[in-house]
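A look at the structure
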Amino acid sequence: ILLLVRGGDPGQNLYLIDDVPIIYVNHLGGFTSVFNPDMINNLEVYKGGFPPEYGRKLSSIVNITQKEGDISNLKASLSIGITDASFSFEGPLKAKNTSFIITGRKTMDDALMALASKVSGGGDYIVSYGFHDINGKFTWKPNARNSFYINIYEGDDYLNFWGNTKTNQTSEKSRLSNTWGNWLLSARWNRVVSPKLYNSNIISYTRYRLKNRQSYSFSDDIEKTDYKRKYLSSVADAAFQSKWNYRLRDNWTLKYGMQSSY
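The following paragraphs examine the structure supplied in this document. (Residues numbered from 1 in each chain as written. Predicted model: local features only at pLDDT ≥ 70, side-chain atom pairs only at ≥ 80, totals over all residues. Heavy atoms only, no water.)

The next point concerns the packing of aromatic side chains. The final tally for this structure, using the stated rule, is nine aromatic pairs. Counting every residue linked through ring pairs, the aromatic cluster contains W140, F148 and W189. (Phe/Tyr/Trp six-rings, centres within 6.5 Å; stacked < 30°, edge-to-face > 60°.)

Right, dumping it as structure tokens:
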């Protein structure tokens, strides 16, 4: 999902899942997004003039609202295609007025790509790529004025390479593993204070990390060499938001609030 607005680059767009920022939104270099269609209830896009509460980026705002689980019946679905498989499971919980929805998807062509590369390379190397996403949303509405939500997201891409070359005198092995993806966890409390005043409070934690592992070994009749390295880089955002909406008149609403992030 490479979104370019008014000549801006993709990093100048703010992507939100239920008002919580997610840092990296692409799979497969931008051909697929991390947003599972089975979880999307509503999508808002601001291409300019977005409200101050979203004023953390230059180009655009994409705010995705996730579905709530069915509060009366259990439902499940499973879909298997050539490239990926996905599932969805939702329904009520034992506690009154609570529900959940969990969805996931996983690429299916990892093994096929590994087999094709092994055959084409004569067995000297194997290359494999895949990704997965898992979303969860838990809802509790104890009464008409209060609603509580917990959102969970985890998604990873992984690119792997194995090399193995042997001759009568030497043996050479290499291994490269790249993994990158997001964690997101948030808790939300929506409250109707009065017929004119509405409040929403969110505590969230988002983390993106890139992990790289390398190993190499070489041996012959004289010596043996081993090499291993591991790299890890990450960026995380812990935040608290409190938003207030006050309806002054039928066509006038005052919005105010605060946000603190680390």
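Here we come to the pattern of salt bridges. In total, this model carries 11 salt bridges according to the counting rule given. Notably, a salt bridge pairs D133 with R105, separated by 2.8 Å at the nearest N-O pair. Of this pair, D133 sits in strand 10 (residues 125–143) while R105 sits in strand 9 (residues 98–107), and the two are 28 residues apart along the sequence. When sorted by exposure, D133 lands in the same class as R105, which is buried. Note that R247 is salt-bridged to D250, the shortest N-O span being 3.5 Å. A relative accessible area of 34% means that R247 is categorised as partly exposed. Here the residues in one salt-bridge network are D19, E53, R188, K243 and K255, joined through shared partners. (Salt bridge = Lys/Arg side-chain N within 4 Å of Asp/Glu carboxyl O. Helix = DSSP H or I, 4+ residues; strand = E, 2+ residues; numbered from the N terminus. Buried < 20%, exposed > 50% of the residue type's maximum accessible area, 1.4 Å probe, protein only.)

Let us look at the sheet that holds strand 11 (residues 146–166). Here nine strands make up an open sheet; going across it, the order is 7-8-9-10-11-12-13-14-15 and the pairing antiparallel. Looking at which strands have only one partner, the edges of the open sheet turn out to be strand 7 (75–80) and strand 15 (252–261). Within this sheet the neighbouring strands show an average axis-to-axis angle of 10°, counted without direction. Two strands pair when backbone bridges link them, and strand 7 and strand 8 (residues 84–92) are joined in this way by six bridges, in the antiparallel orientation. The residue bridging I80 from the neighbouring strand is A85, located in strand 8. Helix 1 (residues 110–120) rests against strand 9, strand 10 and strand 11 of the sheet, and its axis sits at about 175° to strand 10. (Pairing = 2+ DSSP bridges. Axes fitted to C-alpha atoms, helices over the stretch in contact; angles between N-to-C directions. Contact = heavy atoms within 4.5 Å.)

If you check which residues of helix 1 are buried, you get D110, A114 and S117. On an axial view of helix 1, the arc spanned by its buried residues comes to 70°, and they lie on one face. Turned more than 90 degrees away from the buried face of helix 1 sit A111, L112, L115, V119 and S120, all of them exposed. Check the buried side of helix 1 and you find it contacts strand 9, strand 10 and strand 11. G122 occupies a position one or two residues after helix 1 and carries a positive phi of about 70°. (Arc of directions from axis to C-beta.)

A sheet is described by the order of its strands in space; here four strands give the open sequence 2-1-6-5, paired in mixed fashion. Edge strands, defined here as strands with exactly one partner in the open sheet, are strand 2 (20–21) and strand 5 (40–46). Pairing between strand 5 and strand 6 (residues 60–66): six bridges, direction antiparallel. Its bridge partner being in strand 6, N42 is matched across the sheet by T65.

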